[in-house]
Amino acid sequence: MIITALHRGENVPEPLAARRVLSVLKSYIEERAEYLLIATECKPLDGLVLCTTPQTGLKGLLHYIATVAASVFKKSDVVVVQGTPLLPLAALAKLLGRWVYVLELGDWPEAAYWGYYVVKGPKIAKVVRKTLSIARRIALAMSDKFITNSIDVYIKLGGRPVLKIPRYAPALPVENHAPRRYITYVGRLSPEKGIDKLIRAYLATSMRCPLAIAGDGALKGLVLKAARHPKILYLGYLGPSRLSRLYAETRILVIPSYSEGFPHVLLEAARAQVPHILVPSNLAIAKIRHPAISTFNDEKDLAAKLDELC
């Protein structure tokens with residue numbers, strides 16, 4: 001069996017994005033596949049064929065679709081499409097007689113809502129969310145299997161898709177020699193991740209513990225501006241060894257997202273024995289039972305929790 005996974009490039013370092021996809025797909029298809037192909041520009045990686053979209057915007061999308069139409073579908077028995085925005089490619093694969101799996105990491109309509117909310121305002125953001133929600137319903141009806149790693153999506157769609165909690169998390173060694181002194185954020189710097197909310201809440205605390213921010217993305221400028229404060233550190237994107245040391249020095253990890261699936265950072269922090277992990281009470285991940293996990297309701301409550309735990 002030959003399986004193709006279509007995956008558009010993201011604003012996160014490769015091969016991290018590809019590995020995140022593979023972590024969800026692995027137990028379904030990798031053992032049975034002759035090879036696994038992701039997107040359009042290919043190179044070998046750990047025995048697989050890793051491919052990423054080289055351009056963004058319209059040029060990248062046209063290049064992507066042309067390559068798919070010319071070579072991918074005719075070679076594949078199963079086509080895996082990541083996310084409802086690539087729904088036309090899923091429809092094309094279905095018309096060509098292929099089995100179609102739709103994979104959604106996180107809650108895509110909700111993530112898009114917060115991105116457009118910041119740039120275009122609430123009215124356009126609501127239209128985008130509604131449109132993507134309808135597209136997801138179509139994808140669910142059309143696909144042979146709908147796979148999600150998001151507890152929120154699973155609940156919204158009545159438990160119909162396959163809920164797959166990712167097993168992949170980097171094997172980060174636990175270092176005990178460093179003092180745990182940081183309030184830490186690790187992740188993509190994008191609107192739906194709530195990094196702006198965390199910065200505002202932190203500035204309302206007594207700031208006994210410094211705030212460390214690791215990651216990259218669209219809101220990097222906002223973070224760089226905040227990092228002018230002597231108590232706020234921007235560390236950029238961190239590889240496994242530096243990330244391991246940061247977790248070892250973390251007293252409180254904050255996941256302030258407005259929208260979230262099942263974040264790898266939560267798995268990483270739990271494995272690294274971070275003492276306190278704060279998540280918003282309105283997200284499904286807040287229901288996870290772990291002694292280090294506690295919740296907050298809003299920015300004021302988050303600030304109070306940070307002062308209490310630091």
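Residues numbered from 1 in each chain as written. Predicted model: local features only at pLDDT ≥ 70, side-chain atom pairs only at ≥ 80, totals over all residues. Heavy atoms only, no water.

Before going further, it helps to examine the packing of aromatic side chains. The geometry of an aromatic ring pair comes down to the distance between the two centres and the angle between the two planes. What the rule picks out here adds up to four aromatic pairs. Considering the side-chain rings of tryptophan 114 and tyrosine 117, the 5.4 Å spacing of their centres and the 55 degrees angle between planes classify their relative orientation as tilted. On the criterion of helical spacing, the pair formed by tryptophan 114 and tyrosine 117 is a turn pair, its members being three residues apart in helix α4 (residues 108–120). Classification of tyrosine 117 as partly exposed rests on a relative accessible area of 37%. Centre to centre, the rings of tryptophan 114 and tyrosine 258 are 4.0 Å apart; their planes meet at 20 degrees, and the pair counts as stacked. (Phe/Tyr/Trp six-rings, centres within 6.5 Å; stacked < 30°, edge-to-face > 60°. Helix = DSSP H or I, 4+ residues; strand = E, 2+ residues; numbered from the N terminus. Buried < 20%, exposed > 50% of the residue type's maximum accessible area, 1.4 Å probe, protein only.)

In this section: the pattern of salt bridges. Counted by the stated rule, this structure contains 13 salt bridges. Of the charged contacts in the structure, one is a salt bridge between glutamate 110 and lysine 156, with a shortest N-O distance of 3.7 Å. Of this pair, glutamate 110 sits in helix α4 while lysine 156 sits in helix α6 (residues 151–156); the two residues are 46 residues apart in sequence, bridging distant segments of the chain. With a relative accessible area of 16%, glutamate 110 lands in the buried category. Residue lysine 156 is classed as partly exposed on the basis of its relative accessible area, which comes to 43%. Its salt-bridge partner being glutamate 299, residue arginine 200 comes within 2.6 Å of it at the nearest N-O pair. Taken together, the residues span a long stretch of sequence, with arginine 200 in helix α7 (residues 195–203) and glutamate 299 in helix α11 (residues 299–309) at a distance of 99 residues. Assessed through its relative accessible area of 27%, glutamate 299 is described here as partly exposed. A network of salt bridges, in which partner residues are shared, links Glu104, Asp107, Glu110, Arg129, Arg136 and Lys156. (Salt bridge = Lys/Arg side-chain N within 4 Å of Asp/Glu carboxyl O.)

The element strand β6 (residues 99–104) is extensively covered by neighbouring structure, given that five of its six residues are classed as buried. As judged from the five bridges shared by strand β5 (residues 78–82) and β6, these two strands associate in the parallel manner. Looking at the pairing, valine 81 lines up with valine 102 of β6. Of the strand pairs in this sheet, β6 and strand β7 (residues 145–148) are connected by four bridges, and their pairing is parallel. Bridge pairing in β7 links valine 102 to phenylalanine 146. (Pairing = 2+ DSSP bridges.)

Let us now look at the packing of α4 against helix α5 (residues 122–142). Interhelical geometry of α4 versus α5 gives an angle of 160 degrees and a closest axis separation of 8 Å. Overall, the two elements α4 and α5 adopt an arrangement that is roughly antiparallel. Here α4 runs over α5; the crossing is right-handed. Within the contact between the two elements, α4 uses Trp108, Pro109, Glu110, Ala112, Tyr113, Tyr116, Tyr117 and Lys120 and α5 uses Pro122, Ile124, Ala125, Lys126, Val128, Arg129, Leu132, Ser133 and Arg136. Of the residues in the contact of α4 with α5, the class split is eleven nonpolar, one polar and five charged. (Axes fitted to C-alpha atoms, helices over the stretch in contact; angles between N-to-C directions. Parallel < 35°, antiparallel > 145°, perpendicular 65-115°, else oblique. Left-handed = near helix turned anticlockwise from the far one by under 90°. Contact = heavy atoms within 4.5 Å. Nonpolar A, V, L, I, M, F, W, Y, C, P; charged D, E, K, R; others polar.)

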